[in-house]
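# Examination of the molecular architecture
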Amino acid sequence: MALDSVKGQGTQEDPWILKTPPGKSEYQMYRDESADPPALVCVVGTTKLSYQLRCLEDLRAMLKEHGDWMELGSTDEQKPPKEGTVEAWARSQDNPVGGWYGLRKGFRGRFANYVPPLMEHLGLAELEHNARNNRMRAL
């Protein structure tokens, strides 16, 4: 996805319009800095997911330390993620928040499906756009 193809300013009134890594599904994201903790809100159809806003900086730092491509491994909250993936990191007790970045129980998964395209748009990471098994790395 070309970085300039993303529309919106990242506010609730003018959310970013993004596409999942394979480029098949569109969704919206915006910052909600008034939430406690500050959140990154993701709207997929009528479903609203939210992740701790700090995930953008934390994920970039982890990817920089990792130093190479990392598989996304996106999966629903109810399914265990593949070890060594971005999704597994976003749920790990060893990450900077000590567990889930997702804020809404039952809707905490799919972190690796929705956060990486925003990181690419913001110039924080490089992302693959294959039909399956996409990876990302820090810029």
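Provided above is the structure to which this section pertains.
Residues numbered from 1 in each chain as written. Predicted model: local features only at pLDDT ≥ 70, side-chain atom pairs only at ≥ 80, totals over all residues. Heavy atoms only, no water.

Glancing now at helix 3 (residues 111–121). Counting buried residues along helix 3, 10 of its 11 residues qualify, which places the element largely inside the surrounding structure. For helix 3, the full list of buried residues reads Phe111, Ala112, Asn113, Tyr114, Val115, Pro116, Pro117, Leu118, Met119 and Glu120. Once helix 3 finishes, Gly123 follows within two positions and takes phi at roughly 80°, a positive value. (Buried < 20%, exposed > 50% of the residue type's maximum accessible area, 1.4 Å probe, protein only. Helix = DSSP H or I, 4+ residues; strand = E, 2+ residues; numbered from the N terminus.)

This brings us to the side chain of Asn95. Position of Asn95 relative to the elements: it lies in the loop between helix 2 (86–89) and helix 3. A distance of 3.1 Å separates a polar atom in the side chain of Asn95 from the backbone oxygen of Ser92. At a separation of 3.0 Å, a polar atom in the side chain of Asn95 contacts the main-chain amide nitrogen of Val97. Non-local contacts of Asn95, meaning those with residues more than four positions away in its chain, are made with Trp89, Ala90 and Tyr101. (Polar contact = N/O pair within 3.5 Å; in protein donor to acceptor, adjacent residues only side chain to side chain. Contact = heavy atoms within 4.5 Å.)

One covalent bond between the sulfur atoms of two cysteine residues makes up a disulfide. Applying the stated rule across the entire model yields zero disulfides. Of all cysteine sulfurs in the structure, the one in Cys55 sits closest to Cys42, which takes part in no disulfide; the separation is 11 Å. You can call Cys55 buried: its relative accessible area is 0%. (Disulfide = S-S within 2.5 Å.)

Looking now at the sheet that holds strand 6 (residues 125–127). Taken in spatial order, the three strands of this open sheet run 5-7-6, and their pairing is antiparallel. Of all the strands in the sheet, the pair left with one neighbour each is strand 5 (70–71) and strand 6. Packed on one face of the sheet, helix 1 (residues 55–66) meets strand 5 and strand 7 (135–138) and runs near 90° to strand 7. Packing against the sheet, helix 3 makes contact with strand 6 and strand 7, and its axis sits at approximately 120° to strand 6. (Pairing = 2+ DSSP bridges. Axes fitted to C-alpha atoms, helices over the stretch in contact; angles between N-to-C directions.)

What follows deals with the pattern of salt bridges. Under the criterion given, the structure shown has eight salt bridges. Where Asp76 meets Arg110, a salt bridge forms, and the shortest distance between an N and an O atom there is 3.0 Å. Taken together, the residues span a long stretch of sequence, with Asp76 in the loop between strand 5 and helix 2 and Arg110 in the loop between helix 2 and helix 3 at a distance of 34 residues. Residue classification places Asp76 among the partly exposed residues on the basis of a relative accessible area of 30%. For the salt bridge of Arg135 with Glu128, the shortest nitrogen-to-oxygen distance reads 2.8 Å. Residue class for Arg135 comes out partly exposed when judged on its relative accessible area of 32%. Judged by relative accessible area, which is 16%, Glu128 ranks as buried. (Salt bridge = Lys/Arg side-chain N within 4 Å of Asp/Glu carboxyl O.)

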